[in-house]
Every structure is written in structure tokens, then in C-alpha cells.
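Given next are the chains, with one letter for each unit.
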Amino acid sequence: MTLSRVNENGLVLLGCGKMGSAMLQGWLAQGLNANSVTVIDPHPSQWVQGLVQQGLHLNEPLPTTPAICIIAVKPQMMGDALPALRALGNGTTVFLSIAAGTSIGAFADALGDQSPIIRAMPNTPAAVGQGITALIGNAHINDADMQMGEALLSAVGQTVRLASEDQMDAVTAVSGSGPAYVFHLIETLAAAGVAQGLPKDMALQLAKATVAGAGALAQAADEDPTQLRINVTSPNGTTAAALEVLMNETDGFPALLNRAVTAAADRSRELGKE
Ligand SMILES: NC(=O)C1=CN([C@@H]2O[C@H](COP(=O)(O)OP(=O)(O)OC[C@H]3O[C@@H](n4cnc5c(N)ncnc54)[C@H](OP(=O)(O)O)[C@@H]3O)[C@@H](O)[C@H]2O)C=CC1
Ligand SMILES: O=C(O)[C@@H]1CCC=N1
């Protein structure tokens, strides 16, 4: 689907930090006109300020009925930020929030209970077009609205639709926060390489390329990740020695990652109540 509805009627982006900027970059690359975009952010980056020359509206009054308003501020800032959007509520403007924790019900309370609202959870690989976003809409979202939301998020990666909003805490814990776990894996794999005698730069290069290559193979291969792991593991070889440590039932990777994902999902649920 093209971004024609957004180009014709406009897009408001509330909050243009890490995620807002990553998405905006993808939309512009996919053909969104800068002059269809209004960004509201108290401290816009140099990059966003530079887009004003291409027609982007920065901290200007809101258009009357934009096609969509993307909410990309921190959950803790919602109380301060949402009143600025009330004029767009209960109309045809679709609200799409990417905030962790904040429920569709909380947005309906703040913006009007007739408002079409999509809740989405992207992740930072969106900055290189390789994100994944889960979405769910409320009862006022029609097919065309959902397609518009998906078209925008597809500009920065894959999309999946959720069956229920309850799934969003788990999604946040797996793919929203997940890139941080993988970056930590890169950091710790490189540090372990240094401990084994490698120079720091080379250890980091090896760790980054290994994670990137394994990720690309997992996406491209017909085999599932279990088979791909088995393919690396020679009987009585080096990988088997490492996996014996990593797959330990009590303090191995599965137990550790399960605890980490549970902590993230619990925090997402808490954020929804704050
Ligand atoms: N980072 C991530 O990996 C992901 C984040 N998210 C969600 O995305 C949202 C944004 O996160 P992220 O981009 O990391 O955060 P950032 O802090 O990078 O971006 C938020 C932006 O909103 C601005 N802002 C603060 N108050 C207002 C206001 N009242 N009106 C307009 N803009 C305001 C901030 O300005 P200033 O810095 O000056 O306060 C900042 O530029 C969060 O809700 C988060 O849960 C979702 C998926 C992944
Ligand atoms: O850490 C957070 O709360 C946000 C949501 C998912 C990724 N970053």
C-alpha cells in the first residue's frame, strides 16, 4: 500500500527521539513528503531541524484533521504530552502509539472514547529497515486505518497483527526490548574473546559479524533455529563443550533469558498502571 492517504492528509509525530527519528527516516525513504509531516518535540535533533528546509513542519500548530498521529514519547511523559492532541480526538484522525505499557484504554480516556487508536510495538532495528512491529487496533479502527498503520511500520521492517492487546507485554519483552539482549550478547561475546587473548577490536568484529550472520541465516534458512544449532555442533567438538554450559537447566541461557523476559513483561504491565 502506498502512503497516499498520509501524504494527502498529513502525519503528526509527537516525540521525535530514537524511535520517532528511526521511523521518520524510513517513511521519508518510502515516499512520505516532508511537507506532509508535523513534528512536535521540545528539543528536536539537528537532523529533524534540517528537514524543515524540505518543508517539514516543526513545532507548528497541528493540522486540523491529519490522517494519523504517531505518539512516540516515553510512557512517563504521556500526562504532559497528550493534552496537546485532544483537538484531534473523536474524529477521523487515527492515533498510533508505540509507547511501552500505555494501554489503548488510557489513550481513549485522554483523547476521546470514539477515537480510532492503534497500539504498536516496534524495535530499534527499524533504523536500518530491519525492525519488527506488532500492532493491534481498537473497535474504531477499520481495515483501511489498519492498512495505513501497517504501511507506515512496514516502511521500517516486518509487521505482525496481534489477536489481543494482552499479548503486547510479551511482545515488548521479546522484540521491543530484545535488541538490547542481542547487543549485550555481542558485548559479552567480545569480552569473552578478549579474555581468551584476542585484541579488543578483532573480538568485537568477530562477535558482531557472528550475530549478524547467524541472524541472517536464521531468517533465510529453511531449517528452524534448533536444526541450525545442531548444524554447528560437531559430536564431541568445541560447540558441544560450550552448549553444555549454556544449556544447563538451572543457571544456563534458557533459565536466564526466561527470567529476563519475565522481568521485562512484568515491567511493561507495571508501566500500564503508573
Ligand atoms: N527505544 C526503543 O527501543 C523503543 C521505544 N519504544 C517506545 O517509544 C517511545 C519513545 O522512546 P524513545 O524514542 O526511545 O525515547 P526518546 O526519549 O529517544 O524520544 C522521546 C522524545 O519525545 C520528546 N518529548 C518529551 N516530552 C514531549 C512532549 N510533551 N511532546 C512532544 N515530545 C516530547 C523527547 O524530548 P526530550 O528528550 O527533550 O525530553 C524525545 O525527543 C517510548 O514510549 C518507548 O516505550 C517502543 C519500542 C522500542
Ligand atoms: O525499554 C523500554 O521501556 C522501551 C520499550 C521497548 C524498548 N524500549
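Residues numbered from 1 in each chain as written. Chains lettered and ligands numbered in written order. Predicted model: local features only at pLDDT ≥ 70, side-chain atom pairs only at ≥ 80, totals over all residues.

**Examining the pairing of strand β8 (residues 157-161)**
So the rule is basically this: A strand pair is defined by DSSP finding two or more bridges across the two strands. By the criteria applied, helices consist of DSSP H or I runs no shorter than four residues and strands consist of E runs no shorter than two, each listed in order from the N terminus. For the handedness criterion, the strands are oriented away from the viewer, and a crossover whose path from the first strand over the helix to the second runs clockwise is classed as right-handed.
Across five bridges, strand β7 (residues 131-137) lies against β8 in parallel orientation. Across the sheet, residue I132 finds its bridge partner in β8, namely Q158. Viewed along the sheet, the connection from β7 through helix α6 (residues 143-154) into β8 turns out right-handed.

**Notes on the UniProt feature "domain: Pyrroline-5-carboxylate reductase dimerisation" (unreviewed entry) in the protein**
The following threshold applies: UniProt positions are given in the numbering used here, feature names are shortened, and annotations may be inferred rather than shown by experiment.
UniProt's entry tags residues 165-271 with the feature "domain: Pyrroline-5-carboxylate reductase dimerisation" (unreviewed entry), counted in the numbering of this structure. End-to-end, the C-alpha atoms of residues 165-271 are 15 Å apart, and along that stretch the chain is 79% helix and 0% strand.

**Quick word on the site of ligand 2**
So the rule is basically this: We call a residue near a molecule or strand when the C-beta position, derived from backbone atoms, sits within 6 Å of it. Each residue receives one of three labels: charged for Asp, Glu, Lys and Arg, nonpolar for Ala, Val, Leu, Ile, Met, Phe, Trp, Tyr, Cys and Pro, and polar for the others, Gly being one of them.
Every residue lining ligand 2 is accounted for by A100, T172, G176 and S177. Looking at the shell around ligand 2 residue by residue, the class counts come to one nonpolar, three polar and no charged.

**As for the domain arrangement of the protein**
Let me state the cut-off plainly: In this document the domain limits rely on a domain assignment from an automatic tool or a database. The contact criterion used here is simple: two residues whose C-beta atoms, placed from the backbone, lie within 7 Å are in contact.
In terms of domain boundaries, the protein breaks down into domain 1 (4-168) and domain 2 (178-271). Computed from C-alpha atoms alone, the centre-to-centre distance between domain 1 and domain 2 is 33 Å. Taken residue by residue, the interface counts seven residues in domain 1 and four residues in domain 2. Taken together, the residues that form the side of domain 1 that touches domain 2 break down as three nonpolar, four polar and no charged.

**Regarding the site of ligand 1**
Residues in close proximity to ligand 1 total 26 residues, the closest being G15, G17, A81, A99 and A100. Among the elements of the structure, α2 (18-29) and α4 (78-81) are those that each provide at least two residues to the shell around ligand 1. Top element by residues in the shell around ligand 1 is α2. It accounts for three residues. In the shell around ligand 1, the residues fall into 15 nonpolar, seven polar and four charged.

**Considerations on the sheet that holds strand β2 (residues 37-40)**
The test is simple: Axes here refer to lines fitted to C-alpha atoms; in helices the fit is confined to the stretch in contact. Angles between the N-to-C directions go from 0 to 180 degrees.
One open sheet accounts for eight strands, arranged β3-β2-β1-β4-β5-β6-β7-β8; its pairing is mixed. If you trace the sheet from one side to the other, it starts and ends with β3 (57-58) and β8, each paired once. Of the pairings in the sheet, the one linking strand β4 (residues 68-71) to strand β5 (residues 94-97) comprises four bridges and is parallel in character. The residue of β5 that forms the bridge with I68 is V94. Across the sheet, helix α5 (residues 104-111) touches β5 and β6 (117-121), and the angle it forms with β6 is around 140°.

**Looking at the confidence of the model for the protein**
Put simply, the test is: As a per-residue quantity, pLDDT reports the predictor's confidence and falls between 0 and 100.
Residues at a pLDDT of 70 or more form 99% of the protein, whose mean pLDDT is 96. Among the scores for the predicted complex, ipTM is 0.99 and pTM is 0.96.

**Some details on unusual backbone geometry**
Heads up, the condition is: Using C-beta atoms placed from the backbone, we call a residue buried if 20 or more other C-beta atoms fall within 10 Å of its own, exposed if 12 or fewer do, and partly exposed for counts in between.
For N90, which is not glycine, the phi torsion reads 60° and is therefore positive. Relative to the elements of secondary structure, N90 occurs in the loop between α4 and β5. Classification of N90 as partly exposed rests on a count of 15 C-beta atoms within 10 Å. The phi torsion at N236 lies on the positive side, around 60°, for a residue other than glycine. N236 gets classed as exposed once you count the C-beta atoms within 10 Å, which come to 7.

**Notes on the environment of V182**
Among the secondary structure elements, V182 is positioned in helix α8 (residues 178-195). Judged by the 13 C-beta atoms lying within 10 Å of it, V182 is partly exposed. Residues V182 and Q147, spaced 35 residues apart in sequence, show a C-alpha to C-alpha distance of 30 Å.

**Here's the deal with the nonpolar core**
For clarity, the cut-off: Put simply, a nonpolar core is a cluster of buried Ala, Val, Leu, Ile, Met, Phe, Trp, Tyr and Cys residues tied together by C-beta atoms within 7 Å.
Of all hydrophobic cores here, the largest spans 57 residues; its most connected members are L11, L13, L14, I68, C69, I70 and I71. Looking at this core element by element, the count peaks at five residues for α2. Look past the residues within four positions of I68 in its chain and what remains in contact with it is V6, L11, T93, V94, L96 and M148.

**Overview of the packing of helix α7 (residues 168-176) against helix α12 (residues 253-271)**
Which entries qualify depends on this criterion: If an angle is under 35 degrees, it is roughly parallel; if it is over 145, roughly antiparallel; if it lies from 65 to 115, roughly perpendicular; otherwise it is oblique. It is the rotation of the near helix from the far one that decides the hand of a crossing: anticlockwise by less than a right angle makes it left-handed, clockwise makes it right-handed.
At a minimum axis separation of 8 Å, α7 and α12 run at an interaxial angle of 135°. The angle between α7 and α12 places the two elements in the oblique class. The element α7 and its partner α12 pack so that their crossing is right-handed. Where α7 approaches α12, its residues D169, A170, T172, A173 and V174 are matched on the opposing element by V261, A264, A265, S268 and R269. Considered class by class, the residues forming the contact of α7 with α12 number six nonpolar, two polar and two charged.

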